[in-house]
Amino acid sequence: LIFGEFSYPKNVKTNYMVYKAGESINKDYYTLEALHFILKNVSIPHPIYVQKAAAAKVPVVNRVDRKALLAYLNGDTDTSGSIDKSAPLELGASRAAKRPADDSEGPDFKKSKSDGSKHENKILHDKNALAAKFDSGKPDQGLGGLTLASGGASSLSEAMSVETIAAIKAKRFAKKRSTILGVPDEELVGLESRAFIDSEIDVTRDIVSKERVLRNRNNILQSVGRTFTNILSIIQVKSRDTSSRSSAATTAQQPEEKSSKQLPPKSYSRYDQERFRGEKETEEFKIDTLGGFATMKKSGTTSTQAPSHKAAPQRPSQPSSRVPVPVKPNKSQKRESKTPIIIVPASLSSLLNLYNVRDFLQDNKFIPAQEKIKQGYRKVTEVMIQRKRDIIQMNMLRGHTTAANPSENQIVTIPYRIIDAPARLDNKDWDRVVAVFVAGPAWQFKGWPWLTNTGSPVNIFTKMKAFHLKYEESRPDANVLKWDVSVLNVSQTKRHLDSVSSLKFWEHLDKFVMKNKRHLRF
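All figures in this text were calculated on a predicted structure; none of them were measured in a lab.

Engineer: Is there a simple way to think about the overall build of the protein chain in this case?
Structural biologist: In terms of helices and strands, the protein chain carries 17 helices and eleven strands. Across the 522 residues that make up the protein chain, the buried fraction comes to 25%. Here the protein chain has roughly 39,100 Å² of accessible surface; of this, 54% comes from carbon and sulfur atoms.

In structure tokens form, the structure reads like this:
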């Protein structure tokens, strides 16, 4: 099939997809011949069109696609949902200007021949004009204003010697060369470039006409169905980890720098000899050289030999010339946190994640994550919720019989840390994890501690309480039924029942923490 200057095979496929019931991986497209045939037979009924297409062995356009396809081809609609913009397209071939064997002298051939002769004449004219420009100049003159005429060669040879004539010719050639250089450079370049462009313009036009833009930078950079809103949160987490590591390295270097500083040298003093005495003075007997007779009696040691001399009176000690070094009190170690940690799935397919966990666990309301995203809520790396509890109920749960003071506040607030990235937890943080919400697949626990050799998370559920949140109309995952997981149900329409599931969660969690992790706040 020929369209203007381009031709396509009739069996080439377009990017208009054939309708198929259900979802199919393999896509099929209508051929160019099928679209051309239906346009030729658009006025006849569809059953008759199908018969004619089968007789002509042309692919048939389905009745489902007929109306939308004709509306698009006739220009009634600008686009169609069946057009696959990502389908590969075949480029059309340019029609070659061939002379038919039986019509070598046709009007088209004569026209092309006349155009070609005109083009050649124009190039020849430009060359002649350039040559005339070079040859044009002032008349040749010899020495002393003597004109070199063609008819006076014999008289000139008689009047001048051969050397003089040779000198005149050399000057003539030099004059002629300077005359040629006197032509403006812009005019020379213009004549040459115009002749070259005119001779190549037809070839350039054919090359440009064959170009087709299939993809540009905007189409390639477009991403369908993907959002990159979590990039900022990832960058914040990385910067936070980097800053914490740098601060830890700085604090580790400070004690090393302090220890590396040497104390000022101690000066000698005759009244401070004790510090020069070492263990070698008493060998291995560990005798206290500063002790007296009274200390020997107290320790039960008796001596049969009386002291032969009295103890010399102690001389008043002179102040030491050592520089006193202030002793800094040891800083207490960092206090370990007792805030419980709850892990939720990071997937949006889970009913509970960081988007809506605060509403469910703190406010006792279940709001789907999709609604929170539509409201403009952005995902964060972690969430801190504040649970309000009655002091009397807490004491009863812990077995305390002491009555609360009525003058004190009867409500206490307990914080809980909610995360969805357990890879950032260290060994001490894992001891504070009290609950996990299970999505269903086992790959949720990849990289966690306490996994079995087969990758099963059954040992994890002995270290923390596991929950699974689902709609009451849906069926839980098969893995959830096999594992030790408490199932919480919420309704899709009855929002006043959300508090029942939330209170059930806290009831099961308090019992688990009371039994296994009493050192945490709950």
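Engineer: What is the right way to read the nonpolar core from this model?
Structural biologist: Within soluble globular proteins, side chains that are nonpolar tend to cluster in buried spots. The biggest cluster of nonpolar side chains holds 31 residues, and the ones touching the most others in it are Ile342, Leu361, Tyr416, Ile418, Phe437, Phe505 and Leu509. Elements represented by at least two residues in this core include exactly α11 (357-361), β7 (382-390), β8 (411-419), β9 (433-437), β10 (465-471), β11 (486-490) and α17 (498-516). Per-element accounting of this core gives the leading share, six residues, to α17. Counting 17 residues, the second-largest nonpolar core is a separate cluster that includes Trp448, Ile460, Val480 and Val485.

Engineer: It is not clear to me how the confidence of the model for the protein chain should be interpreted in this structure. Could you clarify?
Structural biologist: Low-pLDDT portions of the prediction should not be read for the details of their coordinates. The pLDDT averaged across the protein chain works out to 75; a share of 63% of its residues lies at or above 70. Residue range residues 299-313 is modelled with pLDDT below 50. Its contacts to residues more than four positions away, or to other chains, number one contact. Here residues 316-321 is a poorly scored stretch, pLDDT under 50, and it has four contacts once near neighbours within four places are set aside; other chains count.

Engineer: I keep staring at helix α1 (residues 32-40) and nothing clicks. Help me out?
Structural biologist: Along an α-helix, residues three or four apart share an orientation, since each turn contains 3.6 residues. Regarding α1, the residues found buried are Leu32, Glu33, Ala34, Leu35, Phe37 and Ile38. The inward-facing, buried residues of α1 contact β1 (2-3), β3 (13-17), β4 (29-31), α2 (46-55) and α3 (63-73).

Engineer: Help me understand the side chain of threonine 339, please; the structure alone is not making it clear to me.
Structural biologist: Summarising the element assignment, threonine 339 is placed in the loop between α10 (293-298) and β6 (341-343). For threonine 339, a relative accessible area of 15% puts it in the buried group. The contact partners of threonine 339, leaving out residues within four places of it in the chain, are Met384, Pro415, Tyr416, Arg417 and Arg432.

Engineer: Honestly, unusual backbone geometry in this entry has me stumped. Any pointers?
Structural biologist: Among all residues save glycine, negative phi is the norm, and among peptide bonds the norm is trans. The residue asparagine 364 is not glycine, and still its phi comes out positive at about 60°. In this fold, asparagine 364 is placed in the loop between α11 and α12 (369-374). Residue asparagine 364 is classed as partly exposed on the basis of its relative accessible area of 27%. Here tryptophan 450, not a glycine, exhibits a phi torsion of approximately 70°, which is positive. Within the fold, tryptophan 450 resides in the loop between β9 and α15 (460-463).

Engineer: For this particular structure, what's the right way to read the environment of isoleucine 342?
Structural biologist: Along the chain, the position of isoleucine 342 falls in strand β6. The exposure class of isoleucine 342 is buried, given its relative accessible area of 0%.

Engineer: Got a minute to help me understand the pattern of salt bridges in this structure?
Structural biologist: Opposite charge on two side chains lets them pair, provided their charged atoms get close. With the rule as written, the count across this model stands at ten salt bridges. Linking aspartate 510 and arginine 389 is a salt bridge whose minimum nitrogen-to-oxygen distance equals 3.7 Å. Note that aspartate 510 is positioned in helix α17 and arginine 389 in strand β7, a separation of 121 residues in sequence. Residue classification places arginine 389 among the buried residues on the basis of a relative accessible area of 9%. Glutamate 507 is paired through a salt bridge with lysine 511; the nearest N and O atoms lie 3.8 Å apart. Linking glutamate 507 with lysine 511, this pair stays in helix α17, spanning four residues, or about one helical turn.

Engineer: Explain the sheet that holds β11 to me, please; I cannot follow it from the model alone.
Structural biologist: Pairing between sheet strands relies on hydrogen bonds along the backbone, with the strands arranged either parallel or antiparallel. Spatially, β7-β8-β6-β9-β10-β11 is the arrangement adopted by the six strands of the open sheet, whose pairing is mixed. Looking at the sheet topology across the chains shown, the edges are occupied by β7 and β11. Put simply, the sheet's adjacent strands are angled 30° from each other on average, direction ignored. Of the pairings in the sheet, the one linking β7 to β8 comprises nine bridges and is antiparallel in character. By the bridge assignment, arginine 389 is partnered in β8 with valine 412.

Engineer: Explain a nonpolar patch on the surface here, please?
Structural biologist: A cluster of nonpolar side chains, Leu39, Tyr72 and Leu73, forms an exposed patch at the surface whose accessible area comes to about 220 Å². In this fold, leucine 39 is placed in helix α1. By relative accessible area, which is 39% here, leucine 39 ends up partly exposed.

Engineer: When you look at the packing of aromatic side chains in this model, what are you seeing that I'm missing?
Structural biologist: Given two aromatic rings, their pairing is described by the distance between the two centres and the angle made by the two planes. According to the stated counting rule, one finds 16 aromatic pairs in the structure shown. Look at phenylalanine 445 and tryptophan 448: their rings are 4.9 Å apart centre to centre, the planes differ by 80°, and that puts the pair in the edge-to-face class. Judged on exposure class, the residue phenylalanine 445 and its partner tryptophan 448 are both buried. Members of the aromatic cluster, joined through ring pairs, are Trp430, Phe445, Trp448, Trp450, Phe461 and Trp483. The residue whose ring lies beneath arginine 66 is tyrosine 49, and the NZ or CZ to ring-centre distance is 5.6 Å.

Engineer: Just checking my understanding: could you explain the packing of α1 against α2 for this structure?
Structural biologist: Two quantities define a packed helix pair, namely the angle between the axes and the distance from one axis to the other. α2 packs onto α1 with a crossing angle of 135° between their chain directions and a minimal axis gap of 11 Å. Classified by the angle between their axes, α1 and α2 sit oblique to one another. For the element pair α1 and α2, the recorded crossing hand is right-handed. Packed against α1, whose contacting residues are Ala34, Phe37 and Ile38, the element α2 presents Tyr49, Lys52 and Ala53 at the interface. A class-by-class count of the residues in the contact of α1 with α2 yields five nonpolar, no polar and one charged.

Engineer: When you look at the pairing of β10 in this model, what are you seeing that I'm missing?
Structural biologist: Two faces, one strand: in a regular strand the side chains alternate between the faces of the sheet. By the criterion of burial, β10 is predominantly enclosed, with seven of the seven residues buried. Judged by which residues are buried, β10 turns out to be covered on both faces: Lys465, Phe467, Leu469 and Tyr471 on one side and Ala466, His468 and Lys470 on the other are all buried. With three bridges connecting them, β9 and β10 associate as parallel partners. Each residue of the ladder has a partner; that of alanine 435, found in β10, is lysine 465.

Each value, and the rule that gives it
Residues numbered from 1 in each chain as written. Predicted model: local features only at pLDDT ≥ 70, side-chain atom pairs only at ≥ 80, totals over all residues. Heavy atoms only, no water. Helix = DSSP H or I, 4+ residues; strand = E, 2+ residues; numbered from the N terminus. Buried < 20%, exposed > 50% of the residue type's maximum accessible area, 1.4 Å probe, protein only. Areas by Shrake-Rupley, 256 points an atom, 1.4 Å probe, with all protein chains shown as cover. Core = buried A, V, L, I, M, F, W, Y, C linked by side-chain atoms within 4.5 Å. pLDDT = per-residue confidence, 0-100. Contact = heavy atoms within 4.5 Å. Salt bridge = Lys/Arg side-chain N within 4 Å of Asp/Glu carboxyl O. Pairing = 2+ DSSP bridges. Axes fitted to C-alpha atoms, helices over the stretch in contact; angles between N-to-C directions. Patch = residues over 30% accessible without salt bridge, like charges linked within 9 Å, V, L, I, M, F, W, Y side chains within 5 Å. Phe/Tyr/Trp six-rings, centres within 6.5 Å; stacked < 30°, edge-to-face > 60°. Lys NZ or Arg CZ within 6 Å of the ring centre and 35° of its normal. Parallel < 35°, antiparallel > 145°, perpendicular 65-115°, else oblique. Left-handed = near helix turned anticlockwise from the far one by under 90°. Nonpolar A, V, L, I, M, F, W, Y, C, P; charged D, E, K, R; others polar.

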